[in-house]
Amino acid sequence: MEKNNPSSVLMIEAAPEPNNLEAGQSSCSFCDICVERKERNQMFTTDSCVHSYCSDCISKHVATKIQDSITIVTCPGVDCKAVLELETCRVKLNKGVIDLWEEALCEELFSGSQRFYCPFKDCSAMLMVDNGGEAIREAECPFCHRLFCARCYVPWHSGVVCEEYQRLNEHERGREDLMVMELARDNKWTRCPRCKFFVERTAGCPHMTCRCSFQFCYGCGVEWTPSHGGCQRN
């Protein structure tokens, strides 16, 4: 501005904003899986190879492998052997996929004979056999704090020994069924070998005729024959 010219206007040019992109360079990258252009902050890259995929696609790729029981996940590129590590992928994966991957890696540390799952369906936590060689039947899940049988791997079957429980059919293992069996044991009822109904003897000899017309010995539970001498239950 000239000093003696008050009508002159002072013109100041603003400094240009910094631009980290080279001239003509796009801020988007191309995903080889979904063949769409995504912003760079939506892309996943690894130092193990030159391939680049969007976060959504790499998350689906990892989830599919884990669901197929594959814990060593490789790059989805054709003939690419680069291994994707959990810690490298963690920032691009959703929590559900991370949890699946962590659980699969944890399971891989133990052999099949060392691990089992809580028998309660709303828990299903992975547990490890650690009994020091001691035979343990009654155990408590450290996650849901419910009792289960460590030999049969089922909810605790109170009043029924494991050998007897394992002889039961699937439809006879419900909680109500086990309660009836415990009641039968306490009252010394005998089960009909044919129809499986419980029979109570109030008096008389051990020769029983069930409602299904089957005749059996109340003492030993076998079919009654003319030569059967009868057994007395304690």
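Residues numbered from 1 in each chain as written. Predicted model: local features only at pLDDT ≥ 70, side-chain atom pairs only at ≥ 80, totals over all residues. Heavy atoms only, no water.

(A) Representation of the nonpolar core in the model. Ranked by size, the top nonpolar core spans 23 residues in total, and within it Val62, Leu93 and Trp101 carry the most contacts. Contributions of two or more residues to this core are made by strand E3 (43-45), strand E4 (52-54), helix H1 (55-67), helix H2 (86-89) and helix H3 (95-108). The element best represented in this core is H1, accounting for five residues. When residues no more than four places from it in sequence are discounted, the contact partners of Val62 are Val73, Leu93, Val97 and Trp101. (Core = buried A, V, L, I, M, F, W, Y, C linked by side-chain atoms within 4.5 Å. Buried < 20%, exposed > 50% of the residue type's maximum accessible area, 1.4 Å probe, protein only. Helix = DSSP H or I, 4+ residues; strand = E, 2+ residues; numbered from the N terminus. Contact = heavy atoms within 4.5 Å.)

(B) Molecular detail of the pattern of salt bridges. This structure, assessed with the given rule, holds six salt bridges. In this structure, Glu87 engages Arg90 in a salt bridge whose closest nitrogen and oxygen atoms are separated by 2.8 Å. Take Glu87: its relative accessible area is 56%, and that puts it in the exposed class. In this structure, Arg146 and Asp122 form a salt bridge, with 2.6 Å as the shortest nitrogen-oxygen distance. Taken together, the residues span a long stretch of sequence, with Arg146 in the loop between strand E9 (138-140) and strand E10 (147-149) and Asp122 in the loop between strand E7 (115-117) and strand E8 (126-128) at a distance of 24 residues. Judged by relative accessible area, which is 29%, Arg146 ranks as partly exposed. Note on Asp122: relative accessible area 63%, which makes it exposed. Sharing partners across several salt bridges, the network here consists of Glu87, Arg90 and Glu102. (Salt bridge = Lys/Arg side-chain N within 4 Å of Asp/Glu carboxyl O.)

(C) Fine view of H3. Along its 14 residues, H3 runs 20 Å from first to last C-alpha, staying within 8% of the 20 Å computed at 1.5 Å per residue. Listing the buried residues of H3 in full gives Val97, Ile98, Trp101, Ala104 and Glu107. Of the surrounding elements, those touching the buried residues of H3 are H1, strand E5 (73-74), strand E6 (83-84), H2, E7 and E8. Sitting at the amino-terminal end of H3 is Asn94, which places a side-chain oxygen 3.1 Å from the backbone nitrogen of Gly96. (Expected span 1.5 Å × (residues − 1). Polar contact = N/O pair within 3.5 Å; in protein donor to acceptor, adjacent residues only side chain to side chain.)

(D) Local environment of the packing of H1 against H3. In the contact formed by H1 and H3, the axes pass within 10 Å of each other and the chain directions differ by 35°. In this structure, H1 crosses over H3, and the sense of that crossing is left-handed. Here Ser59, Val62, Ala63, Ile66 and Gln67 of H1 come into contact with H3, specifically with Val97, Leu100, Trp101 and Ala104. Across the contact of H1 with H3, the residue classes tally to seven nonpolar, two polar and no charged. (Axes fitted to C-alpha atoms, helices over the stretch in contact; angles between N-to-C directions. Left-handed = near helix turned anticlockwise from the far one by under 90°. Nonpolar A, V, L, I, M, F, W, Y, C, P; charged D, E, K, R; others polar.)

Nothing here speaks to function; it is geometry throughout.
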